[in-house]
Each structure stands twice: as structure tokens, then as C-alpha cells.
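# Notes for the structure review
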Amino acid sequence: MSVTIIDGKAVAARVRADVKAGVEAFAAAHAGRRPGLATILVGEDPASAVYIANKQKACAEVGIEGFDNRLAAASTFEEVATVIARANADPAVSGILLQLPVPAHLDGAELVELIDVAKDVDGLTARSLGRLAQGQPGLRSCTPSGVIELLDDAGVELEGAEAVVIGRSMLVGKPVAQLLLARNATVTMCHSRTRDLAATCARADVLVAAVGVPRLVGGDWIKPGAAVIDVGMNRLETGLVGDVDFDAAAERAGVITPVPGGVGPMTVAMLLRNTLSAATASSQGDRRSR
Ligand code: NAP
């Protein structure tokens, strides 16, 4: 069976190009005003600083206005809350992203909840996640919606499909499962206490691994012809590897994402799309997402 390897970079580039065109159209319709993304970084964690720099660069490339807020590592909860409140109130800011993790003396989850749901482009507030669970419109978290975008781009039929998601985090596993359910897949969620993970995965027409265990998913776990999406990003001395044993799984899968170059590039692309969506909804006075 020949496998199709999904090119996440190419799909992300298409999403970015669409967003760029959408931003131009938005600016033309709003007297040159552009969607704006406020990023908030607390502290000097080098990896977080790289992520923020990448997001700001990606904004500039598609014409989204970037507001790069940097706070000292010792900032108090109130100081961070003040920056969030200012961004909530600023009409030039369409979306707000608080880079996680925040320093240990701060409660990142509590700070995220201060973000206006209409500007929650990371889709991580309880209201955004609740709206997803309720099947209401709203901003969806970026990596999970990137997973669906890749499946759609590859032409994978989700309606009625047997989908298995390994991992139940609020960041990835749970929202991916909700998005698959919303597309009428029959969804099974697996986690560290699942009894027979291999047998459950072997039923999957669509298998999404979001675990954080290098090459956990073996080739014999894959149903022949299945779509396999590997969200895992595990840094080993030999480089970045996913949660799926790619070479073995590719022998049986119909479509599969590599690591790197699969899901990874989608996260920032979906963030840009969410920022444009938030700007559009707010300019249309769409109160449904509030
Ligand atoms: P997480 O919060 O650590 O959650 C991991 C999940 O995997 C948990 O639900 C856990 O089960 C489950 N699990 C752990 N070991 C397992 C095992 N042996 N068998 C079955 N299930 C197991 O991780 P996360 O934030 O969801 O991230 C998952 C992976 O995705 C990581 O590699 C991360 O780096 C990657 N990631 C990538 C992107 C991207 O590509 N842009 C974005 C986010 C995350 P319990 O709930 O029972 O503990």
C-alpha cells in the first residue's frame, strides 16, 4: 500500500497565504486598519522568546499588526493582569496570546481566564473550550484545529469514521476529540490508564497521537489505510521525533504526518487565521463569540 506523507509546511503556507489575502481585504474594507495580535511574554525563558519572535514574524509576513508585550520575570499577577486588561480594551488588538508557561509564582490558567473570549485566539479559556464542547461558534485552539485542517487537506473522510485520540490534555487531546466529534466521527479517547492501547488504536480509521512519548505508537497498531496524525514533539539527542514510529507506521497507513514538518507548522498558521477571524467577528459586531 502506498502512503501519502502529509506536508504540513505546504498546508501551513497555503493557510498563511489565505490569511494574507484576507488581511488585505480586511484592511481595504476598514480604511487601512489591520487585524492586531498582542503577545504577552513574562520572563526571559529562551524557548518562549523564540516562540514569540516566530509568532511576531509570522504576523508581519501576513500584514497583521503585532503588539509585542514583554514583562519582567518578577512581574506580579496584577501587573500581567493590567497588560491583559489593556489589550482587552484596545480596539486595535483583535487577538491576545499569553505565552505559557509563565514563571512559577504566577498562575497561568488564572491569567488566561482574564482574556476576553472574543480575543482568545489561543482558544484556551474555559469559555472558548466550553463553547467548543457545546458546539457553539467561537475561536478554537490552534494545534487541534491544525490537526483537522491537515485531515481535510488530505481529503480524509471524518463523517462516521472511527477516530482514536491518544492523550487527553486540555491543550491538545480533548479539543481534538471535540473537533472530531463535531465532524461526526465516532471518537475514542485514550490515556495512560487505557487497558489495551494497541488494540484500540488498531480500530482507528483516524489516529491522532498527542502523548509526548517518543515512538509509542508501533507499526502494528495501525489499521491498514488509516490516517495517522502525530502531534508529538519529543526532543531526543538524535533530534525531534514524534509519538509514532514513523517508518513502521508508514508501511501500513494511508496518510501520515512526519515529525518535524507535519502538525508543527500548523499551530502558528492557525493562530494567524484565528486573529483574522476575531478581527472580522468584532468588526461585524458579532456578540455571539462573547
Ligand atoms: P500532556 O499534557 O503531557 O498530555 C499527555 C497525554 O498523554 C495525557 O493525557 C496522558 O495521559 C497521555 N499519556 C502519557 N503517557 C501515555 C501512555 N504511555 N499511553 C497512553 N497515554 C499516555 O501533553 P500535551 O501538551 O497534550 O502534548 C502532547 C505532545 O504533543 C507533546 O509531545 C507535545 O510536545 C506535543 N505538542 C505539539 C504541538 C505542536 O505541534 N504545535 C503543540 C502542543 C503539544 P493521562 O491524562 O492519563 O496522564
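For the structure, see preceding data.
What this report covers is the structure whose coordinates are included nearby. Just so you know, these numbers come straight off a predicted model, no measurement behind them. (Residues numbered from 1 in each chain as written. Predicted model: local features only at pLDDT ≥ 70, side-chain atom pairs only at ≥ 80, totals over all residues. Heavy atoms only, no water.)

## A look at the pattern of salt bridges
Summed over the entire model, instances satisfying the criterion amount to 9 salt bridges. Note that Asp68 is salt-bridged to Arg70, the shortest N-O span being 2.9 Å. The exposure class of Asp68 is partly exposed, given its relative accessible area of 38%. Exposure remark for Arg70: the relative accessible area of 47% places this residue in the partly exposed category. Residue Lys223 pairs with Asp205 through a salt bridge whose shortest N-O separation is 2.7 Å. Of the two residues, Lys223 is situated in the loop between β7 (206-209) and β8 (227-230) and Asp205 in the loop between α8 (197-201) and β7; the sequence distance between them amounts to 18 residues. For Asp205, a relative accessible area of 28% translates into the label partly exposed. Beyond isolated ion pairs, a larger network of salt bridges with shared partners links Arg16, Lys57 and Glu61. (Salt bridge = Lys/Arg side-chain N within 4 Å of Asp/Glu carboxyl O. Buried < 20%, exposed > 50% of the residue type's maximum accessible area, 1.4 Å probe, protein only. Helix = DSSP H or I, 4+ residues; strand = E, 2+ residues; numbered from the N terminus.)

## Side note on the sheet that holds strand β2 (residues 36-42)
Taken in spatial order, the 3 strands line up as β3-β2-β4 in an open sheet, and their pairing is parallel. The open sheet has two edge strands with one neighbour each: β3 (65-71) and β4 (95-98). Put simply, the sheet's adjacent strands are angled 15° from each other on average, direction ignored. Relative to β4, β2 runs parallel, the two sharing 4 bridges. (Pairing = 2+ DSSP bridges. Axes fitted to C-alpha atoms, helices over the stretch in contact; angles between N-to-C directions.)

## Description of the site of the ligand
As a matter of local geometry, the ligand sits amid 22 residues, with Arg168, Ser169, Ser192, Met233 and Thr267 nearest to it. Between Met233 and the ligand, the recorded distance is 3.0 Å, taken from a backbone N or O atom to an oxygen atom. Residues of the shell around the ligand, tallied by class, amount to 11 nonpolar, 10 polar and 1 charged. (Near = heavy atom within 4 Å. Polar contact = N/O pair within 3.5 Å; in protein donor to acceptor, adjacent residues only side chain to side chain. Nonpolar A, V, L, I, M, F, W, Y, C, P; charged D, E, K, R; others polar.)

## With respect to the sheet that holds β7
Sheet strands associate in pairs through backbone hydrogen bonding, adopting either a parallel or an antiparallel arrangement. If you walk across this open sheet you meet the 6 strands as β1-β11-β8-β7-β5-β6, and the pairing is parallel. Lying at the two open borders of the sheet, with one neighbouring strand each, are β1 (4-5) and β6 (186-190). In the sheet, β1 pairs with strand β11 (residues 255-256) via 2 bridges, with the strands oriented parallel. If you follow Ile5 over to β11, its bridge partner there is Ile256. The sheet strands contacting helix α7 (residues 173-182) are β5 (162-166), β6 and β7, and the helix crosses β6 at an angle near 170°. (Contact = heavy atoms within 4.5 Å.)

## Quick word on the environment of Asn274
By secondary structure assignment, the location of Asn274 is in helix α10 (residues 266-283). Residue class for Asn274 comes out buried when judged on its relative accessible area of 9%. The sequence separation of Asn274 and Leu139 amounts to 135 residues, and the corresponding C-alpha distance is 6.5 Å. Other than its neighbours up to four places away in sequence, Asn274 contacts Val121, Leu139, Arg140 and Cys142.

## What to know about the nonpolar core
Core analysis: the biggest nonpolar cluster contains 51 residues, and Val19, Ile64, Val147, Leu151, Leu180, Val206 and Val208 have the highest contact counts within it. It is α10 that contributes the most residues to this core, 9 residues altogether. Excluding its chain neighbours within four sequence positions, the residues that come into contact with Ile64 are Val19, Val23, Pro35, Gly36, Leu37, Cys59, Leu272 and Thr275. (Core = buried A, V, L, I, M, F, W, Y, C linked by side-chain atoms within 4.5 Å.)

## A short note on the pairing of β3
Of the strand pairs in this sheet, β2 and β3 are connected by 7 bridges, and their pairing is parallel. Each bridged residue has a counterpart across the sheet, and for Thr39 the counterpart in β3 is Asp68. Handedness of the crossover is the feature at issue here: the chain leaves β2, passes through helix α2 (residues 46-62), returns alongside β3, and the resulting connection is right-handed. (Right-handed = clockwise from strand over helix to strand, strands pointing away.)

What is shown is where atoms sit, not what they do.
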